[in-house]
Amino acid sequence: MWKIAIIDDERQVLHGMKRAIPWDKLEAEWVGEALNGEDGLAMIRASHPDIVITDIYMPRMNGLEMIEQLRKEGFEGKIIILSGYSDFEYARQALRFQASDYVSKPISMPTLKNILSRVIQELGEEEGKRKRQGELETKMSLYEPLIEKEWVRSVAIGTLDQAYWGDDQLPPPYRYWLNRKHIAIGIELIRNKQACRMSVSDWNLFRFAVSNIACEISRKLFPDVEFTELHSTRSLLILHPEEEEDGEPFVKKLEELGTMLAESIGRDLKLELRIGIGGLKQAWTKISESTEEAFRALDQSAERLASVYEVYRYRENLGSEQDNVSLFPVKLSFKLANAIKSSQEAEAHQLLDEYMCLMVEQKGVSPAVVQMLASELWGIITYSLYETGFLMDELFTNDQIAKEIGALYVPDQLTQWLKDKITKICSSKQWKGKSKHRQVVDFMTSYIHEHYAEELTLAELSDKVFVSRNHLAIIFKNMTGETFNNYLTRVRIEKARELLLAGNMLVYEVAERVGYKNIPYFSTLFKKVTGMNPTELTK
């Protein structure tokens, strides 16, 4: 019900309007009246009406003075002024105080009804707009962690728009970057036989586990860390050491970090990895340069820091100029992977042309380098599509690809070969069917990874992605190979396993941390997923 208050120094006018206004038809109710502006001000403060009907000339405080005070106090309701004076100055002031209407007395009841109907319609529209705005703000708050992660990744690979590179553009959580140095640590998972046998959901789960382990270990040596996934087998740690950290002790600390990462991920997940360490940068705007250097260290097998594990440090001026240019930049490879996953054929072709512009500046690029790049780029494409549930052998055999790569000798051949393959992938019926749902499932898995400890339901996520619950269940199962609930359970148990291995929490504390209040039920699920009781990991 809309609340209406009436203020007039003539009792006859007050009673007449109260009787004549069709309250039920307008879905409105009377909430108060007053005979002067001072009492009207107090009544409005107490009753909070949506609409105020007021006279101007009244004792103790006139209507315009009352309205001015109300607006100063933040009153946002509608105001209709009824006055026996048709003075332009009064109308001008009424406009300044955002009155909805200014009407001369006497006023007919049909006219008053029409005015109230119009004002109430405006109120309804404004309430709907506020409601939609509130819903939008709620949704934005839900997406905010994902948006921040995407911002960090954009900084790390250099895709952030130049307009946002100023220090004043740093989001509040990252303002501390201004007083720190920065270094990128590239992580490349090696797809061994075990990894190649994984399903899409298993691979997503292992990547989630890698991020958990990488962050936990890194924060033991460097408290301020961001982790971001790039594409397929590559991810990135961004460290922000204190200003005084540098020199040989700092290099030893990085070597220790690389060794701990390789050792822990190898032991806990049975995955092999290579680690590249970029150069230390003074400004956060140079983080993307450190990222390129980190993966350049891997590609060149530069200065090796660890004897047992593949931990490499970037060294400037290592290798020939041709070797430096021939390597595929992280920024371009990330964009290429995203373009193919979203079926943006034209964008993928443009990225290859941009890369070709770099290649043609080099003279005498050997066939071996061309074939090495073909293998690397084909791997990026293959693993990117694999993440979405699309297997490349549905279109091409390994023998066919190997034979075609062996016949590439110059950069032009490489570019045209890749373009032809991308066109065939994007136009295939198999890929078209999957690409439509990739972004939805990507959002769902990312949201699960961020909110696994909360009460999550498929119905809740269906509201966020605007897809019906039943259809969303089918999409998720088709893309990942398992149900939403099963994937959520495995994410929670994986996180629980990591916490139990750390040895800092009791079983019931771990259960609550990952979203289970029923301890026996948690233990049953844990054994079902891992094959052992949670207490066995704490011994």
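It should be noted that the structure appears before, not after, this text.
Given the structure is predicted, the values throughout are model-derived calculations rather than measurements. (Residues numbered from 1 in each chain as written. Predicted model: local features only at pLDDT ≥ 70, side-chain atom pairs only at ≥ 80, totals over all residues. Heavy atoms only, no water.)

Trainee: Would you mind showing me how to read the pairing of strand β9 (residues 272–277) here?
Mentor: Residues in a regular strand point their side chains to alternate faces of the sheet. Among the six residues of β9, five are classified as buried, and the element is accordingly described as predominantly covered. With six bridges joining them, strand β6 (residues 183–190) and β9 adopt antiparallel strand pairing. Looking across to β9, one finds that I190 is bridged to E272. Alignment of β9 against strand β11 (residues 311–313), held across three bridges, turns out to be parallel. Along β11, the bridge assignment pairs I277 with R313. (Buried < 20%, exposed > 50% of the residue type's maximum accessible area, 1.4 Å probe, protein only. Helix = DSSP H or I, 4+ residues; strand = E, 2+ residues; numbered from the N terminus. Pairing = 2+ DSSP bridges.)

Trainee: Got a minute to help me understand the packing of aromatic side chains in this structure?
Mentor: Centre distance and the angle of the planes are the two values used to describe a pair of aromatic rings. Overall, the coordinates contain 16 aromatic pairs when judged by the stated rule. Measuring from centroid to centroid gives 6.0 Å for W151 and W284, while their planes differ by 35 degrees, and the two rings are tilted. Here the residue W151 occupies a position in helix α6 (residues 109–157), and W284 occupies one in the loop between β9 and α10 (287–300), the gap between them amounting to 133 residues. Here the two residues W151 and W284 agree in accessibility, since each one is buried. (Phe/Tyr/Trp six-rings, centres within 6.5 Å; stacked < 30°, edge-to-face > 60°.)

Trainee: Sorry if this is basic, but what is going on with the sheet that holds strand β8 (residues 234–239) here?
Mentor: One key point about sheets: their strands pair by backbone hydrogen bonds, in either a parallel or an antiparallel sense. Judged by pairing direction, the sheet is mixed, and its six strands sit side by side in the order β7-β8-β6-β9-β11-β10 without closing on themselves. In the strand order of this sheet, the two ends are held by β7 (225–231) and β10 (303–304), each with one partner.

Trainee: What is the right way to look at the packing of helix α20 (residues 484–502) against helix α22 (residues 519–530) in this model?
Mentor: In a pair of packed helices, the angle between the axes and the distance between the axes together describe the arrangement. In the contact formed by α20 and α22, the axes pass within 10 Å of each other and the chain directions differ by 95 degrees. One finds that α20 runs roughly perpendicular with respect to α22. The segment α20 lies against α22, with T489, I493, A496, R497 and L500 engaging F522, L525, F526, V529 and T530. Class assignment of the residues belonging to the contact of α20 with α22 gives a composition of seven nonpolar, two polar and one charged. (Axes fitted to C-alpha atoms, helices over the stretch in contact; angles between N-to-C directions. Parallel < 35°, antiparallel > 145°, perpendicular 65-115°, else oblique. Contact = heavy atoms within 4.5 Å. Nonpolar A, V, L, I, M, F, W, Y, C, P; charged D, E, K, R; others polar.)

Trainee: Looking at this structure, I do not really get unusual backbone geometry. What am I missing?
Mentor: Leave glycine aside and you will find that most residues have negative phi; peptide bonds, for their part, are mostly trans. The backbone phi angle of E27 is positive, close to 55 degrees, even though this residue is not glycine. Tracing the backbone through its elements, the reader meets E27 in the loop between α2 (23–26) and β2 (28–34). Residue classification places E27 among the exposed residues on the basis of a relative accessible area of 51%. At R60, a position not held by glycine, the phi torsion is positive, near 70 degrees. You can see R60 is positioned in the loop between β3 (51–54) and α4 (63–72). Judged by its relative accessible area of 58%, R60 is exposed.

Trainee: I'm lost on the layout of surface pockets in this one. Help?
Mentor: One way to see where empty space is left: roll a probe the size of a water molecule over the atoms. Here the second largest pocket is characterised by a volume of approximately 490 Å³. F75, E76, G77, K78 and R130 are, among the 22 residues lining the second largest pocket, the residues nearest its centre. Broken down by secondary-structure element, the contributors of at least two residues to the lining of the second largest pocket are α3 (37–47), α4, β4 (78–83) and α6. With five residues, the top contributor of residues to the lining of the second largest pocket is α6. (1 Å grid on protein atoms, 1.4 Å probe; cavity = no way out; pocket = protein on both sides within 12 Å on 5 of 7 lines; lining within 4 Å. Points joined across faces, edges and corners; volume = space filled by probe spheres on them.)

Trainee: I tried to follow α4 on my own but got confused; where do I start?
Mentor: Think of an α-helix as 3.6 residues a turn; residues three or four steps apart then line up on the same face. Looking at α4, one finds that the buried residues are G63, L64, M66, I67, L70 and R71. For α4, the angular spread of the buried residues around the axis is 160 degrees, confining them to a single face. At the N-terminal boundary of α4, the capping side chain belongs to N62, with an oxygen 3.0 Å from the backbone nitrogen of L64. G74 lies just past α4 and shows a positive phi near 95 degrees. (Arc of directions from axis to C-beta. Polar contact = N/O pair within 3.5 Å; in protein donor to acceptor, adjacent residues only side chain to side chain.)

Trainee: Would you mind showing me how to read the pattern of salt bridges here?
Mentor: Side chains that differ in charge, positive against negative, can pair when their charged atoms come close. What the rule picks out here adds up to 29 salt bridges. In this structure, R180 engages D224 in a salt bridge whose closest nitrogen and oxygen atoms are separated by 2.5 Å. One end of the pair, R180, is in the loop between α6 and β6; the other, D224, is in the loop between α8 (200–221) and β7, and 44 residues separate them in sequence. For R180, a relative accessible area of 14% corresponds to the buried category. With a closest N to O distance of 2.8 Å, R274 and E188 form a salt bridge. Separated by 86 residues along the polypeptide, R274 in strand β9 and E188 in strand β6 bring together distant segments of the chain. Both residues of the pair, R274 and E188, belong to the buried class. One connected set of salt bridges, linked through shared partners, spans K78, D101, R118, E122 and E126. (Salt bridge = Lys/Arg side-chain N within 4 Å of Asp/Glu carboxyl O.)

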